[in-house]
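# A structural walkthrough
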Amino acid sequence: MTRMTARRTVLLTAGVAAFATSVGPVAAQPADIRGAITFEGGAVIPEGYVEVYLEDSAIRDNARRRIAKTRIKSDGRSRTIAFNLPSPASATASSTLQIVARLERTDGWLVARGSEQLAAASPVSVTLNAVMY
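Residues numbered from 1 in each chain as written. Predicted model: local features only at pLDDT ≥ 70, side-chain atom pairs only at ≥ 80, totals over all residues. Heavy atoms only, no water.

All right, on to the side chain of E104 then. Topologically, E104 is positioned in strand β5 (residues 97-104). A residue is classified by how much of its surface remains accessible, and E104, at 18% relative accessible area, is buried. Within polar-contact distance, the side chain of E104 engages the side chain of R102 at 2.9 Å. Residue contacts for E104: discarding those within four places in its chain leaves G48, Y49, W109, L110 and V111. (Helix = DSSP H or I, 4+ residues; strand = E, 2+ residues; numbered from the N terminus. Buried < 20%, exposed > 50% of the residue type's maximum accessible area, 1.4 Å probe, protein only. Polar contact = N/O pair within 3.5 Å; in protein donor to acceptor, adjacent residues only side chain to side chain. Contact = heavy atoms within 4.5 Å.)

Okay, structure coming up:
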């Protein structure tokens, strides 16, 4: 009986392998969204917290509009800050996605904001523009 079982296992494994090769390569998981943040005019990014998020402008509900988010501390000495956002599976289907970056002081005042349209398979560069009150 063990010889018959071993033969069935080998045939089953060969069948699964043949099916897997006929289906083709499996789609890869979407890669993380990587990019860099700069300040207008190439100036040093002021001290504070930079909140970077992926936003779908087609969604009207503000609670569901932001898909992925990260928060980075700016020390006030850098000209560029790199960021990395996890890319959700639904993000690749929409052409209304944009990366938004907001720089706030430690007391919560908005200092600068910038956004950039999300392009597939390319790093994103967001320029922060000073906010005028």
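Moving on, we get to the nonpolar core. For soluble globular proteins, the rule of thumb is that nonpolar side chains tend to be buried together. Formed by 20 residues in total, the largest nonpolar core has its most connected members in I37, V52, F83, L85, I99 and L128. Those elements that provide at least two residues to this core are β1 (33-39), β2 (48-56), β3 (66-74), β4 (80-85), β5 and β7 (124-130). (Core = buried A, V, L, I, M, F, W, Y, C linked by side-chain atoms within 4.5 Å.)

Our next topic: the pairing of strand β6 (residues 110-117). Sheet topology places β5 next to β6; 7 bridges connect them, and they run antiparallel. Paired with I99 across the two strands is E116, which belongs to β6. In textbook terms, the turn of a hairpin is the stretch between consecutive antiparallel strands, and for β5 and β6 this stretch comprises 5 residues, one of which, G108, has a positive phi near 100°. Summarising the sheet, β6 and β7 pair through 2 bridges and their orientation is antiparallel. Paired with R113 across the strands is N129, a residue of β7. (Pairing = 2+ DSSP bridges.)

Now for the packing of aromatic side chains. Ring pairs (aromatic) are described by centroid distance and by the angle formed between their planes. Within this structure, the stated rule accounts for 0 aromatic pairs. Here R71 stacks its cationic end above the ring of Y49, 4.5 Å away from the centre of that ring. Across from the ring centre of Y49, 5.1 Å away, lies the NZ or CZ of K73, which sits over that ring. (Phe/Tyr/Trp six-rings, centres within 6.5 Å; stacked < 30°, edge-to-face > 60°. Lys NZ or Arg CZ within 6 Å of the ring centre and 35° of its normal.)

Right, let's talk about the pairing of β5 for a bit. Of all the 8 residues making up β5, 7 are buried; the element is thus mostly covered by neighbouring parts of the structure. Pairing analysis gives 8 bridges linking β2 to β5, with the strands arranged antiparallel. When the bridges of β5 are listed, V52 appears paired with A101.

This brings us to the confidence of the model for the protein. As a note on interpretation, predicted positions should not be read in detail where pLDDT is low. Overall, the prediction assigns the protein a mean pLDDT of 79, with 70% of residues at 70 or greater. This model gives residues 24-29 a pLDDT under 50, and the stretch forms 0 contacts once residues within four places in sequence are excluded. (pLDDT = per-residue confidence, 0-100.)

With respect to topology, 7 strands assemble into an open sheet ordered β3-β2-β5-β6-β7-β1-β4, the strand pairing being mixed. The sheet terminates laterally at β3 and β4, the two strands that pair on one side only. Adjacent strand axes in the sheet meet at a mean angle of 25° when their direction is disregarded. (Axes fitted to C-alpha atoms, helices over the stretch in contact; angles between N-to-C directions.)

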